[in-house]
Amino acid sequence: MEINITKDWDNTLLDRKEITFNIFHTGATPSRDEIKNKLVAQLNSRHELVIVDKIRTEYGTQNTTGYAKIYSDVDRANEIENKYVLKRNEPKPVEETEKPAKEESGESPEESTGEEAVAEEPIAEEAASEEEPAESPEESTGEEAVAEEPIAEEAASEESAEEEKEKPVE
């Protein structure tokens, strides 16, 4: 990535230096952080004083144009710039981009293993439920009806046996 400053002027009213630049790059458009780091090194400035305002890449090219402001002090930058622009220009922590999802949440390894154990328990329950199928309300009523039928038949056969005993033997 090569940055060429095309225009450079001082804005004394706002106490800053303004530049327009062209970037010749290969591959994807460089990120705002990469451009800002390169400008800081090229202009011998501090990271918090450089605000990259615009970055534009024309479709199909590997040529990007941009506009940046270099303030004399941090207080003046905070006073003039919008909050969203300042937030956009904050450096992204390296830890967030390199850590896996579990480590980003700030948990210690012990806490994460506890969560893994909790996550494994439902899997074990699912395996157990697959071996012994759970009864749905429809299935349970069908089984109860099947279970009641032999009892009803036994009761009917007992009643018929009692009736036979009660009948006088001829």
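One can find the structure itself at the top, above this paragraph.
To start, this report covers the structure provided alongside it. Please read these numbers as outputs of a predicted model, since none were measured by experiment.

Quick word on the sheet that holds strand β3 (residues 50-57)
Read from one edge to the other, the open sheet built from 4 strands follows the order β1-β2-β4-β3, with strand pairing classed as antiparallel. Looking at strand neighbours, the two that pair on one side only are β1 (2-11) and β3, the edges of this open sheet. Here the average twist between neighbouring strands, direction ignored, is 20°. Direction of pairing for β3 relative to strand β4 (residues 63-71): antiparallel, over a ladder of 7 bridges.

So, the environment of K54
Along the chain, K54 turns up in strand β3. Taking the relative accessible area as the measure of exposure, K54 reaches 44% and is therefore partly exposed. Residues K54 and A68, 14 residues apart in the sequence, show an inter-C-alpha distance of 7.0 Å. With near-sequence residues (within four places) excluded, K54 lies in contact with F21, T65, G66 and Y67.

A short note on unusual backbone geometry
Glycine aside, a negative phi is what most residues show, and trans is what most peptide bonds show. Of note in the backbone geometry, D15 takes a positive phi value of approximately 60° without being a glycine. Mapped onto the fold, D15 is located in the loop between β1 and β2 (16-24). Judged by its relative accessible area of 35%, D15 falls in the partly exposed class. Positioned with a positive phi, N44 is a non-glycine residue whose angle comes to about 50°. The exposure class of N44 is exposed, given its relative accessible area of 72%.

Topic: helix α1 (residues 32-43)
The terminal C-alpha atoms of α1 lie 16 Å apart, and with 12 residues this matches the ideal 16 Å at 1.5 Å per residue to within 8%. Taken together, the buried positions of α1 are occupied by R32, D33, I35, K36, L39 and V40. For α1, the buried positions fall inside an angular range of 160° around the axis, keeping them on one side. Considering only its buried residues, α1 is in contact with β1, β2, β3, β4 and α3 (83-88). A positive backbone phi angle near 50° is found at N44, which sits one or two residues after α1.

Some details on the nonpolar core
Counting residues in each nonpolar core, the largest one holds 12 residues, listed as I3, I19, F21, I23, I35, L39, V40, V50, V52, I55, A68 and I70. Taken together, the elements giving at least two residues each to this core come down to β2, α1, β3 and β4. Ignoring any residue separated from it by four or fewer positions in sequence, one finds A68 in contact with K17, E18, I19, F21, L39, I51, V52 and D53. Grouped together as the second largest cluster of nonpolar side chains are 5 residues, I51, Y71, A77 and L86 included.

Thoughts on the packing of aromatic side chains
In total, this model carries 1 aromatic pair according to the counting rule given. A ring pair is formed by W9 and Y67, whose centres lie 6.4 Å apart and whose planes are at 25°; its orientation type is stacked. A residue pair is termed long-range when its members are at least 10 positions apart, and W9 in strand β1 and Y67 in strand β4 qualify at 58 residues. Of the residues examined, Y67 reaches a relative accessible area of 17% and is grouped as buried. Against the face of W9 rests K7, its NZ or CZ located 5.1 Å from the ring centre.

Definitions and limits used
- Positions within a chain are numbered from 1, following the residues in the order the chain's sequence is written.
- Since the coordinates come from a predicted model, pLDDT governs what is reported: local features require at least 70, and pairs of side-chain atoms require 80 or more to be given and counted, while whole-chain, interface and lining totals use all residues.
- The basis for every side-chain value is the complete set of heavy atoms in the structure, and neither hydrogens nor water enter the calculation.
- For two strands to count as paired, DSSP must find a minimum of two bridges between them.
- Put simply, DSSP marks the helices as runs of H or I at least four residues long and the strands as runs of E at least two long, and each gets a number from the N terminus on.
- Geometry is summarised by axes, namely lines fitted to C-alpha atoms with helices restricted to the contacting stretch, and by angles between N-to-C directions that run from 0 to 180 degrees.
- With a 1.4 Å probe rolled over the protein chains alone, any residue whose accessible area is under 20% of its type maximum counts as buried; one over 50% counts as exposed, and the rest are partly exposed.
- The contact definition used throughout considers only heavy atoms, calling two residues in contact when any of these lie within 4.5 Å.
- By definition here, a helix of n residues has an expected span of 1.5 Å times n minus one.
- The arc in question is traced by the directions running from the helix axis to the C-beta atoms.
- By nonpolar core is meant a set of buried Ala, Val, Leu, Ile, Met, Phe, Trp, Tyr and Cys residues that side-chain atoms within 4.5 Å join together.
- Stacked, tilted and edge-to-face are the three classes applied to pairs of Phe, Tyr and Trp rings, where Trp contributes its six-membered ring and a pair requires centres within 6.5 Å; stacked means planes under 30 degrees apart, edge-to-face means over 60, and tilted covers the rest.
- We count a charge as sitting over a ring when the NZ of a lysine or the CZ of an arginine lies within 6 Å of the ring centre and within 35 degrees of the ring normal.

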